[in-house]
Amino acid sequence: NLLALNAGVEAARAGDAGKGFAVVASEVRALAQRSADAAKDVKSKINASTVQVDAGVELVAQAGEALTRITGRIGEISTLVSDIASAAEQQATGLQQVNTAVSEMDGVTQQNAAMVEQATAAARSLSEETENMARQVSRFKLGNAVAPASPVHQLQARAAQVGARLAAGARARRTSVAAASPQDDWSSF
């Protein structure tokens, strides 16, 4: 602008001969105006770039915070997965203990069944012996007079009655066991 002003002053002093200076002065003035406009445009673009860079910095900071939160969540998930694995291991141990207890119960059940069979066989044998004893005792005749029963005879009579009841119970159990369906078999349990 100063150069254009100086050229304008010189053109005015020179008169008609300074017309060339006037053309140069107007071109220099136009060039100065375009330079000022370009400088304003560059300044506005620099300001816009500064705003964009600030926004980018803020977005990068938010992305960093989000990544930090994600990392924290991943740590929490890892802890939960470890807890789940530990609980699953404890459940497996518990199931193994339950399986062992069921196996022991099965063994005890089989032992009980064997003991019941032995008790049944013993009751059957006792019943047979009682019946045999009752036959042997019935051979003796004491005559028409009824003698008072001795304690031994009373015990023998009671033993005969108990043996007969046990034999009847054993026969009833054998009949109910024989009539039981295959679904009542506990061996598959």
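Reading guide: rules and limits
- Residues numbered from 1 in each chain as written.
- Predicted model: local features only at pLDDT ≥ 70, side-chain atom pairs only at ≥ 80, totals over all residues.
- Heavy atoms only, no water.
- Helix = DSSP H or I, 4+ residues; strand = E, 2+ residues; numbered from the N terminus.
- Buried < 20%, exposed > 50% of the residue type's maximum accessible area, 1.4 Å probe, protein only.
- Contact = heavy atoms within 4.5 Å.
- Expected span 1.5 Å × (residues − 1).
- pLDDT = per-residue confidence, 0-100.
- Salt bridge = Lys/Arg side-chain N within 4 Å of Asp/Glu carboxyl O.

**Quick look at the overall build of the protein chain**
Here's step 1: Counting its secondary structure elements, the protein chain contains 3 helices and 0 strands.
Here's step 2: Going residue by residue from the N terminus, the α and β elements of the protein chain occur as α-α-α.
Here's step 3: Across the 189 residues in the protein chain, those meeting the buried criterion constitute 7%.

**Digging into the side chain of Thr-130**
Here's step 1: Structurally, Thr-130 can be placed in helix H2 (residues 19-138).
Here's step 2: Filtering out sequence-adjacent residues up to four positions away, Thr-130 remains in contact with Ala-159, Ala-160 and Gly-163.

**A look at H2**
Here's step 1: Helix length check: H2 (120 residues) gives 173 Å between terminal C-alpha atoms against 178 Å at 1.5 Å per residue, within 8%.
Here's step 2: Looking at H2, one finds that the buried residues are Ala-25, Val-28, Thr-120, Ala-123, Ser-127 and Thr-130.

**Thoughts on the confidence of the model for the protein chain**
Here's step 1: Chain-level pLDDT for the protein chain is 81 on average; 83% of the residues reach the 70-or-more range.
Here's step 2: Ranking the elements of the protein chain by mean pLDDT puts helix H3 (residues 151-179) last, at 70, and H2 first, at 89.

**Considerations on the side chain of Ser-127**
Here's step 1: Its location among the elements puts Ser-127 in helix H2.
Here's step 2: Discounting residues that sit within four places of it in the chain, Ser-127 has contacts with Gly-163 and Ala-167.

**Thoughts on the pattern of salt bridges**
Here's step 1: Per the counting criterion, the structure on display carries 2 salt bridges.
Here's step 2: Asp-41 is the partner of Lys-45 in a salt bridge, and the nearest nitrogen-oxygen pair spans 3.7 Å. In this pair, Lys-45 and Asp-41 are both assigned in helix H2, 4 residues apart and thus about one turn of the helix distant.

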